[in-house]
Structures are given as structure tokens and as C-alpha cells.
Amino acid sequence: MSSGEELLRSRGLRVTRPRLAVLDVLAAGGHLEVDEITRRVRERLDSVSTQAVYDVLGALSRAGLSRRIEPAGSPARYEARVGDNHHHVVCRGCGEIADVDCATGSAPCLDPITAHGFEVDEAEVTFWGLCPTCQARRSADD
């Protein structure tokens, strides 16, 4: 039995070829849009619809096997890194996204000054700036 099969079964999900293919694509890393995930899944399977990929991503996200992020002005993206409350840095120039571990210690962002009665279990912090490639491009244009 593959680790993908074990992961799906451990979360009470049925093992299907599309689910295994999406898990494989996400495991390769990155912050991928649905169109890119679909393209890569189609390289592995004979046929899969975009809607099927959306359905799989929804199931995986609800099961805690993938994470959906939505940087402002960008389509939703998915990643396999889950459960550690990491954050992201997004390039304003090209849209590249990189993971950023929590700023200090053990997730201080999960302890807001006022939670208004909410039980906080995740914080989404997005840092914005220019990636090294866009910085170099900007310098070359100056």
C-alpha cells in the first residue's frame, strides 16, 4: 500500500486514482493553482475533469491533507504543507509565493490580544514584497 493510500484511509477518505494523483502533485511542492494541478494530474491519468480536481482538492483540504491559500488579487492556490501554521511571502512583481515559518517561537500569532470568544486554531499571515528576480529586474531598469 502506498503512503498516499495510507494518508487517504487514515482520514476516512476513499482511495481513488484522482485523489492519489492530486496528492502526488501537491507532494512535489509549491503553491499551485487549480489549472496547474489539473495539467499535472492529466499527465498521470488518462482523463480527469477540472471539476473532479476541484472536488478532490476540497476533500483533501477538509481532511487536512492540503491547504488552500488565497493571496489578495490571486486565484486560490493549494499546497501539501499543513498543520504547522506557517505563513507566506508573495512577490508583488511576479506572484511567486514562498513559505515563511512563524516569526517567533511557537506560533505567537495564535494568541491574539482579543479573540472575541473564538477558539483560534490558525492564523493566515501574508508578507508582501519583491522576490530576488524582480528586485534584480527593477535594478536593471533603473
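Here the structure is a predicted model, which is why all the values come from computation and not from measurement.

Draft legend 1. Expanded view of the overall build of the chain. Per the secondary structure count, the chain includes five helices and six strands. Counted from the first residue to the last, the chain has its helices and strands arranged as α-α-β-α-α-β-β-β-β-β-α. With the C-alpha coordinates of the chain rotated into their principal frame, the extents come out at 50 × 45 × 25 Å. Here the chain holds 142 residues, and the buried ones make up 33% of them. Nonlocal contacts in the chain, meaning residues at least 24 apart in sequence, comprise 45% of its contacts between residues at least 6 apart. Approximately 8800 Å² of the chain is accessible, and the part contributed by carbon and sulfur atoms is 48%. Each charge sign in the chain was given a centre, from 17 positive and 22 negative side chains, and these centres are 5 Å apart.

Draft legend 2. Expanded view of the environment of Cys91. With respect to the helices and strands, Cys91 occurs in strand E4 (residues 87–91). Cys91 sits in the buried class, given a relative accessible area of 5%. Sequence-wise, Cys91 and Gln135 are 44 residues apart; in three dimensions their C-alpha atoms are separated by 9.8 Å. Once residues lying within four places of it in the same chain are set aside, the contact partners of Cys91 are Glu96, Gly129, Leu130, Cys131 and Cys134.

Draft legend 3. Region of the structure containing helix H3 (residues 34–44). Within the span of H3, buried status applies to Val34, Ile37, Thr38 and Val41. Buried residues of H3, seen end-on, are gathered within an arc of 100° and therefore sit on one face of the element. Along H3, exposed side chains directed more than 90 degrees from the buried face belong to Asp35 and Glu43. In this structure, the buried residues of H3 make contact with helix H2 (17–27), strand E1 (32–33), helix H4 (50–62) and strand E3 (77–79).

Quick notes on the rules
Residues numbered from 1 in each chain as written. Predicted model: local features only at pLDDT ≥ 70, side-chain atom pairs only at ≥ 80, totals over all residues. Heavy atoms only, no water. Helix = DSSP H or I, 4+ residues; strand = E, 2+ residues; numbered from the N terminus. Buried < 20%, exposed > 50% of the residue type's maximum accessible area, 1.4 Å probe, protein only. Contact = heavy atoms within 4.5 Å. Areas by Shrake-Rupley, 256 points an atom, 1.4 Å probe, with all protein chains shown as cover. Lys, Arg positive; Asp, Glu negative; His and termini not counted. Charge placed at Lys NZ, Arg CZ, Asp CG, Glu CD. Arc of directions from axis to C-beta.

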